[in-house]
Amino acid sequence: MTDNGTVQKVAVIGGGVMGSGIAQLAATVGHEVRLVDVSPERLETALAAIGTSLDRFIRSGRLETDQREEILGRITPATRIPEAVEGVDVVVEAVLERLEVKHQVMTEVAAHAPAEAILGTNTSQLSITAIGSVLGEGASRVVGMHFFNPAVLMRLVELVKGLETSEDTLRRAEDFARSLGKETVVCLKDSPGFLTSRISAILRMEALHMLEEGLASPEDIDKAVRLAFNHPMGPLELGDFNGLDTYLDALTGLHAAHGERFRPPVVLRNMVAAGRLGRKSGRGFYDHGG
Ligand code: NAI
């Protein structure tokens, strides 16, 4: 529902980690959701993950048992974009982070969705302007809608205005995000790293430099950030959690865009070169038993 209680028809494109969370969120507040993925297996996994997550909400008393089937009943899985975007008000694209794939998806969406539908992209790194550029005048409908993982729990949606994004698109994206129970911030210019990735990268950079300087152990650097600033995780353990290769890619992009202050520290480059990628490889700043 929007702020004024209107149910919207929403298409979420991409049923991975983020897309499944966004679909769950939208269905939970009462929107009618089509969840699209090229892979039927990914769709099955997405629906199973949503079911498991809803069970957790029920166990913790945040949902009633009978809401489970209602919510799942509002999510229609699909493998094709044209039919799924028919008659929708909002599209949220959450396919993999490659510009050519986002271009292909946006082109297909724009060809079949109603002309007044807004087209949100959940990109974390790419330019909103570049993603919208394939649509000509349609770029005014494209807006950054950056959710955070896990989308069902994190409170913020970072909205990003591309060069061509219209005020009306931005306002409707804001309204939609609020209907999901989220707070919003608006990044007024399409700049690499938007607001949140730049701020978190600086924190990470300092943690890495302190480690290089031998100021403290990884444990103490993380503990300092957790307890002094009330962060749920410290920057080094978060790096292990998300993958240090992902960490390095993000910093490399920010370095190219904003210069020296984001130069990836040697300690991080060495970890990635050695294949110590964090949890997924069993070893990063911490030992994960791999
Ligand atoms: P993921 O790899 O879990 O899911 C991507 C899904 O897109 C896959 O299921 C894949 O089958 C599907 N897909 C690929 N091409 C498609 C197409 N042409 N049409 C329909 N579906 C297609 O990726 P994840 O982590 O969910 O990320 C999605 C987007 O969200 C990326 O742009 C990423 O940068 C962004 N993001 C990710 C965050 C995270 O923590 N994972 C946080 C915020 C944004």
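In the nomenclature of an unreviewed UniProt entry, the protein corresponds to 3-hydroxybutyryl-CoA dehydrogenase from the organism Ornithinimicrobium humiphilum. Here the protein is described in UniProt, under the heading Pathway (unreviewed entry), as follows: "Lipid metabolism; butanoate metabolism." Recorded in UniProt under Sequence similarities (unreviewed entry), the annotation for the protein is "Belongs to the 3-hydroxyacyl-CoA dehydrogenase family."

Engineer: What is the right way to read the overall build of the protein from this model?
Structural biologist: Helices and strands together make up the secondary structure of the protein, namely 12 helices and 8 strands. Over its C-alpha trace the protein gives a radius of gyration of 20 Å, about what one expects of a compact globule, namely 19 Å for 290 residues. A buried classification covers 49% of the 290 residues belonging to the protein. Summarising the internal contacts of the protein: among those between residues at least 6 apart in sequence, 66% fall at separations of at least 24. Element-wise, carbon and sulfur atoms account for 54% of the exposed surface of the protein, whose accessible area totals about 14100 Å². The average position of the 30 basic charges and that of the 39 acidic charges among the side chains of the protein differ by 3 Å.

Engineer: Teacher, can you tell me more about the site of the ligand here?
Structural biologist: In the neighbourhood of the ligand, 22 residues make up the surrounding shell, with Met18, Asp37, Glu97, Lys102 and Ser124 lying closest. The side chain of Ser124 places a nitrogen or oxygen atom 2.8 Å from an oxygen atom of the ligand. Here the ligand has 840 Å² of accessible area as a free molecule, and 81% of this is covered by the chains. Looking at the shell around the ligand, the elements that each hand over two or more residues are α1 (17-28) and α5 (99-112). Element by element, the count of residues in the shell around the ligand is highest for α5, at 3 residues. Counted by class, the shell around the ligand contains 10 nonpolar, 8 polar and 4 charged residues.

Engineer: Would you mind showing me how to read the sheet that holds strand β2 (residues 32-36) here?
Structural biologist: Sheet strands line up and pair through hydrogen bonds in the backbone, either parallel or antiparallel. The mixed open sheet is built from 8 strands, whose spatial order is β3-β2-β1-β4-β5-β6-β7-β8. Edge strands, defined here as strands with exactly one partner in the open sheet, are β3 (75-78) and β8 (183-187). Taken over all neighbouring pairs, the strand axes of this sheet differ in orientation by 25 degrees on average, direction set aside. Direction of pairing for strand β1 (residues 9-13) relative to β2: parallel, over a ladder of 5 bridges. Note that in β2 the partner of Val10 across the bridge is Val33. α5 contacts β1, β4 (90-93), β5 (118-121) and β6 (142-146) of the sheet and is inclined by roughly 165 degrees relative to β5.

Rules used throughout
- Residues numbered from 1 in each chain as written.
- Predicted model: local features only at pLDDT ≥ 70, side-chain atom pairs only at ≥ 80, totals over all residues.
- Heavy atoms only, no water.
- UniProt positions renumbered as here; feature names shortened; annotations may be inferred.
- Helix = DSSP H or I, 4+ residues; strand = E, 2+ residues; numbered from the N terminus.
- Rg over C-alpha atoms; globule rule 2.2 N^0.38 Å.
- Buried < 20%, exposed > 50% of the residue type's maximum accessible area, 1.4 Å probe, protein only.
- Contact = heavy atoms within 4.5 Å.
- Areas by Shrake-Rupley, 256 points an atom, 1.4 Å probe, with all protein chains shown as cover.
- Lys, Arg positive; Asp, Glu negative; His and termini not counted.
- Charge placed at Lys NZ, Arg CZ, Asp CG, Glu CD.
- Near = heavy atom within 4 Å.
- Polar contact = N/O pair within 3.5 Å; in protein donor to acceptor, adjacent residues only side chain to side chain.
- Nonpolar A, V, L, I, M, F, W, Y, C, P; charged D, E, K, R; others polar.
- Pairing = 2+ DSSP bridges.
- Axes fitted to C-alpha atoms, helices over the stretch in contact; angles between N-to-C directions.

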